[in-house]
Amino acid sequence: MKFKDYSIAESIKSQLERMKFNKPTDIQFKTIPHILEGEDVMAIAQTGTGKTAAFVVPILDKLERKRRKNYSGIRCLVMVPTRELAQQINTVFQEIGKETSVKSFGLYGGVEQEQQIQRLSKKVDVLVATPGRMFDLISQGHIDVTGVEHLILDEADLMLDMGFLKDIQDIVLKIPKKRQTLFFTATIDKKIKSLAYSVVRDAIRIQISPKNPVAKNVDHAVAFVEMDDKRFFLENVLREYEDDMFIVFVRTKVRAERVVAALARAGMESHFFHGGMEQKDRFQILDKFRKGEFRVLVTTDVAARGIDIPSVKYVINYDLPEEPENYVHRCGRCGRGTNRGQALSFCDTQIEMEFLELIEEYTGETITRHEIDPNEYKAIIFDAEDPTYDWQKLLDDDNKFSGTEEEW
Ligand code: ADP
Ligand code: MG
């Protein structure tokens, strides 16, 4: 089946064709008919499989066909966990909906409210928002959700996880009971699933590859590298694949900045991206990376979810994530759509073995061991650009493990 055979608005079909979206992906094929029917859907599919268009296409169609005579507020609310994801999904609505009359707007914190309030006073059909800023503006009376017909949670498991749950429940109370609710995610556990069912009515559950949430087109390897040696191995890998784009995940904001400094010492350009930066700098760095203006992004779990940059070929877990589902999301930043990706993790044998076990238990797969011969190991350190510099001292105070989420 092709998109042109669907009974959706011509204005959407022609735009999909221009974007070279000819055939729906599996998850799109399975969910779109139910969403068009107005059913509640909980969709679980691997990273990079096209979940965004799976809701954007049918929702745009519904909004476009069932136009209201007079504008009466937001009709579709999409909630997402990070600001960059709000911006990205808003862009997908605008792109696929380019030829329609549907107006969408991305709302997030970290920037001035004034302009957002002005924009909200005009026509917004689809609001793609992070919970914090949205809740602020609802309580200040700038957002009216009483006409919402469709509520969508992307990265639904994280959204329903403790941090966001209360906000969402409060908002749900303000939205009409008669609404369509859609959940999209790559990972979901039992606890979150039961929470999710408390927000939907008779949801149809659609799950692709139920057992393994790990994307099929990503190859995985782990190398045992001691904490203090990691930067030499990173340098080594980056030099070996000097034309490719990398996302390097570290545990904390401070470490992200230090890895960038370490690479700069070795004469390699990279940029950090984390939750402690000014929002305008966050957008700017991600935008430059998206355009390929530099090839190595060093980041925290703030970039683990949803970000779609198809040209990224490698994900390096410089530090292993403590939450195993974050491994799945991080690695899912490569191997998007039909591209292949490679994930390489550096596992320290003192502290991180337990995280590796948790990850393998969670995914049900053993990650290929990338054996490093002891002589090669020494040679990599020896060959590094600046092995004498006292990185150890610099990183030491930061090698202790601490909580993750506030560290984004
Ligand atoms: P997910 O949310 O499942 O991780 P995305 O929705 O971000 O994945 O989509 C992953 C990539 O696949 C994006 O670059 C998107 O443009 C592309 N894509 C999605 N659907 C199609 C399609 N039907 N045909 C071609 N490319 C697609
Ligand atoms: Mg997504």
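Since we're looking at a predicted model, the values are computed, not measured.

(A) Quick peek at the pattern of salt bridges. The final tally for this structure, using the stated rule, is 23 salt bridges. In this structure, Glu-64 engages Arg-67 in a salt bridge whose closest nitrogen and oxygen atoms are separated by 2.8 Å. When its relative accessible area of 10% is taken as the criterion, Glu-64 is described as buried. Its salt-bridge partner being Arg-231, residue Glu-235 comes within 3.3 Å of it at the nearest N-O pair. Of this pair, Glu-235 and Arg-231 both sit in helix α10 (residues 230-240), 4 residues apart, roughly one helical turn. Looking at Glu-235, the relative accessible area reads 2%, which means it is buried.

(B) Spatial organisation of the sheet that holds strand β2 (residues 76-79). Strand order in the open sheet formed by 7 strands is β3-β4-β2-β5-β6-β1-β7, with parallel pairing between adjacent strands. Unpaired on one side and paired on the other, β3 (104-107) and β7 (204-207) mark the two borders of the sheet. Neighbouring strand axes in the sheet, compared pairwise and without regard to direction, differ in orientation by 15° on average. As judged from the 4 bridges shared by β2 and strand β4 (residues 126-129), these two strands associate in the parallel manner. Paired with Cys-76 across the bridge in β4 is Val-126. Sheet strands touched by helix α4 (residues 83-96): β2, β3, β4 and β5 (150-154). Its angle to β3, the strand with the most contacts, is close to 175°.

The rules we used
Residues numbered from 1 in each chain as written. Chains lettered and ligands numbered in written order. Predicted model: local features only at pLDDT ≥ 70, side-chain atom pairs only at ≥ 80, totals over all residues. Heavy atoms only, no water. Salt bridge = Lys/Arg side-chain N within 4 Å of Asp/Glu carboxyl O. Buried < 20%, exposed > 50% of the residue type's maximum accessible area, 1.4 Å probe, protein only. Helix = DSSP H or I, 4+ residues; strand = E, 2+ residues; numbered from the N terminus. Pairing = 2+ DSSP bridges. Axes fitted to C-alpha atoms, helices over the stretch in contact; angles between N-to-C directions. Contact = heavy atoms within 4.5 Å.

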